[in-house]
Amino acid sequence: MNDENFADYGLIDFNIKGDERGSLVAFEENHNVPFDIKRVYYIFDTKLGVKRGNHAHTTLKQVLICTSGSCKILVENDSGRKEFYLDKPDEGLYIGGLVWREMYDFSPDCVLLVLASEYYDEGEYIRDYDKFLKKISK
Ligand code: TYD
């Protein structure tokens, strides 16, 4: 990971295991993924112009990998906002801490794979942007 705000978010380069047959990337909890992996999901078939996310989490850690196609992810914490363009199956965006995220500009072939540190819990989401701003200003 090589981002100045590494504690909250940062890019991870994954090794590609390749041979004459093609390529493979493996994810291992607490090895190349910095948490226990409790849940895996993927977002695909996203319609044109759609924006997803629009929330923060109180405890969840995630790594997002664009295994096919491309998308943009905006992250915001108490240091400000930063936009990432994901278009490589061997690059992941780690997001932990109290970070607002928005995902958009999905290409039609985009498959966004998400590794998560917790089971799905709607109660752990912060979906109100003003509440998020209040929390990070404390
Ligand atoms: P949502 O949180 O709105 O997705 P995004 O943050 O990408 O915009 O989730 C969409 C729906 O899927 C919503 O009904 C909740 C459900 N869901 C699960 O059941 N399990 C999960 O792990 C996730 C991420 C969502």
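Reading the values: the criteria
Residues numbered from 1 in each chain as written. Predicted model: local features only at pLDDT ≥ 70, side-chain atom pairs only at ≥ 80, totals over all residues. Heavy atoms only, no water. Pairing = 2+ DSSP bridges. Helix = DSSP H or I, 4+ residues; strand = E, 2+ residues; numbered from the N terminus. Axes fitted to C-alpha atoms, helices over the stretch in contact; angles between N-to-C directions. Buried < 20%, exposed > 50% of the residue type's maximum accessible area, 1.4 Å probe, protein only. Near = heavy atom within 4 Å. Polar contact = N/O pair within 3.5 Å; in protein donor to acceptor, adjacent residues only side chain to side chain. Nonpolar A, V, L, I, M, F, W, Y, C, P; charged D, E, K, R; others polar.

Peer 1: Talk me through the sheet that holds strand β11 (residues 111-116); I want residue IDs and the actual numbers.
Peer 2: Read across the open sheet, the 5 strands follow the order β1-β9-β6-β11-β4; overall the sheet is antiparallel. Looking at the sheet topology across the chains shown, the edges are occupied by β1 (9-13) and β4 (39-44). Ignoring which end each strand starts from, the neighbouring axes of this sheet average 25° apart. Bridging between strand β6 (residues 62-68) and β11 involves 6 bridges; their strand directions are antiparallel. Its bridge partner being in β11, Val63 is matched across the sheet by Leu115.

Peer 1: Kindly report on the pairing of strand β7 (residues 71-77), identifying the contributing residues and their values.
Peer 2: Within β7, 6 of the 7 residues are buried, which leaves the element mostly enclosed by the surrounding structure. When β7 meets strand β8 (residues 80-86), the two strands line up antiparallel, connected through 7 bridges. The residue of β8 that forms the bridge with Val75 is Lys82. Two successive antiparallel strands, β7 and β8, enclose a turn made up of 2 residues. Of the strand pairs in this sheet, β7 and strand β10 (residues 100-104) are connected by 5 bridges, and their pairing is antiparallel. If you follow Val75 over to β10, its bridge partner there is Arg101.

Peer 1: Would you mind going over the pairing of strand β9 (residues 91-95) in detail, with residue names and values included?
Peer 2: Of all 5 residues making up β9, 5 are buried, and the element is well covered by its neighbours. Residue alternation in β9 divides its side chains into two sets, Glu91, Leu93 and Ile95 and Gly92 and Tyr94, and both sets are buried. Taken together, the 5 bridges between β1 and β9 define a ladder with antiparallel strand orientation. Each residue of the ladder has a partner; that of Tyr9, found in β9, is Ile95. Across 4 bridges, the pairing between β6 and β9 is antiparallel. Counted as the bridge partner of Val63 is Tyr94 from β9.

Peer 1: Which residues make up the site of the ligand, and what values go with them?
Peer 2: Close to the ligand lie Arg39, Tyr41, Ile43, Arg52, Gly53, His55, Met103, Tyr120, Tyr125 and Arg127. At 2.4 Å from an oxygen atom of the ligand is found a side-chain nitrogen or oxygen belonging to Arg39. Arg127 places a side-chain nitrogen or oxygen 3.2 Å from an oxygen atom of the ligand. Within the residue set of the shell around the ligand, elements represented by two or more residues are β4 and β5 (52-57). For the shell around the ligand, the class distribution of residues is 5 nonpolar, 2 polar and 3 charged.

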